[in-house]
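The chain contents come next:
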Amino acid sequence: MSILLVRHGETALNAARVLQPPDTPLSPRGLAQAQAVALRLSREPVAAIVSSDLLRARQTAEAIARPWPGLSVDTWDSLRERDFGDWRGLPYDRLPADPLRLEGAPPGGESQAAFAARCAQAWAALLALRSGLPGHLVVVSHGLSIRQWLRDVPPSGQAGVAGARLGNTAVSVVDAHPPHLLRLFNCTQHLPPALQEAAHSLSGG
């Protein structure tokens, strides 16, 4: 059994290349993407679903949980995207620095070091949770968070994936047991062409 990492569905601000506030909902297209990944995962032996508590991730996770009436979504604030503080809600291309590569903290936000430390604690908690489950653990989160977790995961037949783009509702699969090999990265085969992510949209967030 494995840990299935899922990025949230598309939002209007993703497509518009705007850093997203916490309460950004899925767009109609993002809701359709969430339904598509839910159908894909409904064929898997899912034992638990945890999600970032940000709205776009919660909506995606709730769609994934729908095929299992007895399965609820557990939300963790530790699974949130990096906090970009006062830059949230602003166009990415007009910011004074690239927030996706910024080491320091943006005004009122989180430094890369603080974000990495939070992600490491969350990953340890996810591994501990998965160890007690009889099936897959589905984790719904954000592009930067998922890529941060995968920095220390050895790939299986793949290279350079940690910094690569993650599409909306992309599925990545990590072995539950050490050395936690990455078996699948950024898979969006569940999305028909009309629901594939626009190439210009923000992959972090």
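Our subject is the structure that appears above.
Residues numbered from 1 in each chain as written. Predicted model: local features only at pLDDT ≥ 70, side-chain atom pairs only at ≥ 80, totals over all residues. Heavy atoms only, no water.

**Focus on the sheet that holds strand E1 (residues 2-7)**
For the record, the criterion: Following DSSP output, two strands are said to pair if at least two bridges run between them. Numbering of helices and strands runs from the N terminus; a helix is a DSSP stretch of H or I covering at least four residues, while a strand is a stretch of E covering at least two. For helices, the fitted axis covers only the stretch in contact; all axes are lines through C-alpha atoms, and the angles between them, taken along N-to-C directions, range from 0 to 180 degrees. By the convention used here, residues are in contact when the closest approach between their heavy atoms is within 4.5 Å.
The strand order across the open sheet formed by six strands is E3-E2-E4-E1-E5-E6, and the pairing between neighbours is mixed. Taken across any chain shown, the strands that pair with only one partner, and hence form the sheet edges, are strand E3 (73-76) and strand E6 (182-187). Here the average twist between neighbouring strands, direction ignored, is 20°. Here three bridges tie strand E5 (residues 171-175) to E6, and the two strands are oriented antiparallel to one another. Paired with valine 173 across the two strands is leucine 184, which belongs to E6. In this fold helix H3 (residues 55-65) packs onto E1, strand E2 (46-52), E3 and strand E4 (136-141), with an angle of close to 165° to the strand it touches most, E2.

**With respect to the side chain of glutamate 197**
Heads up, the condition is: By the criterion applied in these results, polar contacts are pairs of N or O atoms within 3.5 Å in which, for protein atoms, one can donate a hydrogen and the other can accept it, and in which residues neighboring in sequence qualify only through two side-chain atoms.
The residue glutamate 197 is located in the segment after E6 in this model. Within the local environment of glutamate 197, its side chain forms a polar contact with the side chain of arginine 7, the two groups lying 3.0 Å apart. A polar atom in the side chain of glutamate 197 sits 3.5 Å from the backbone nitrogen of asparagine 168. The contacts of glutamate 197, once residues within four sequence positions are left out, are Arg7, Arg29, Gln33, Arg165, Leu166, Gly167, Asn168 and Leu202.

**Focus on the pairing of E4**
We count it as follows: Exposed residues in this analysis have more than 50% of their type's maximum accessible area, buried residues have under 20%, and partly exposed residues fall in between, with area computed by a 1.4 Å probe over protein chains only.
Counting buried residues along E4, six of its six residues qualify, which places the element largely inside the surrounding structure. A two-sided burial pattern is seen for E4, the buried positions comprising His136, Val138 and Val140 on one face and Leu137, Val139 and Ser141 on the other. Strand direction decides the pairing type here: E1 and E4, joined by five bridges, are parallel. For leucine 5, the partnering residue across the bridge sits in E4 and is valine 139. Note that E2 and E4 share five bridges and pair parallel. Bridging across to E4, valine 50 finds its partner in valine 139.

**Describing the nonpolar core**
Rules: Buried Ala, Val, Leu, Ile, Met, Phe, Trp, Tyr and Cys residues form a nonpolar core when they are joined through side-chain atoms within 4.5 Å.
Leu5, Leu79, Trp123, Leu126, Val139, Trp149 and Leu150 are the most contacted members of the largest nonpolar core, which totals 31 residues. Counting residues per element, the ones that place at least two in this core are E1, E2, helix H4 (112-131), E4, helix H5 (143-150) and E6. Sorting elements by how many residues they give to this core places H4 first, with six residues. With residues up to four places along the chain from it excluded, the contact list for leucine 79 reads Val50, Ser51, Ser52, Arg118, Ala122, Leu126, Val139, Ser141, His142, Ser145 and Trp149.

**Focus: the side chain of threonine 188**
Along the polypeptide, threonine 188 turns up in the segment after E6. Ignoring sequence-local partners within four residues, the contact set of threonine 188 consists of Arg40, Asn168, Ala170 and Gln196.

**What about the packing of helix H2 (residues 28-41) against H3?**
Operational definition: Comment on the angle field: the value is read as roughly parallel under 35 degrees, roughly antiparallel over 145, roughly perpendicular from 65 to 115, and oblique elsewhere. Left-handed describes a crossing in which the near helix is turned anticlockwise from the far one by less than a right angle; the clockwise case is right-handed. As a working rule, the residues Ala, Val, Leu, Ile, Met, Phe, Trp, Tyr, Cys and Pro are called nonpolar, Asp, Glu, Lys and Arg charged, and the rest polar, with Gly in that last group.
Two elements in contact, H2 and H3, have axes separated by 8 Å at closest approach and are oriented at 40°. Comparing the axis directions of H2 and H3 gives the class oblique. H2 and H3 meet at a crossing whose hand is right-handed. On H3, the residues that touch Leu31, Ala34, Val37, Ala38 and Leu41 of H2 are Gln59, Thr60, Ala63 and Ile64. Across the contact of H2 with H3, the residue classes tally to seven nonpolar, two polar and no charged.

**Some remarks on unusual backbone geometry**
In this structure, the amide linkage connecting proline 178 to the following residue, proline 179, adopts the cis form with an omega of 5°. Tracing the sequence through the fold places proline 179 in the loop between E5 and E6. Even without glycine at this site, arginine 17 takes up a positive phi of about 60°. Mapping arginine 17 onto the fold places it in the loop between helix H1 (12-15) and H2. Accessibility expressed as a relative area gives 22% for arginine 17, which makes it partly exposed. Within the chain, histidine 180 stands out as a residue other than glycine whose phi angle is a positive 55°. Topologically, histidine 180 is positioned in the loop between E5 and E6.

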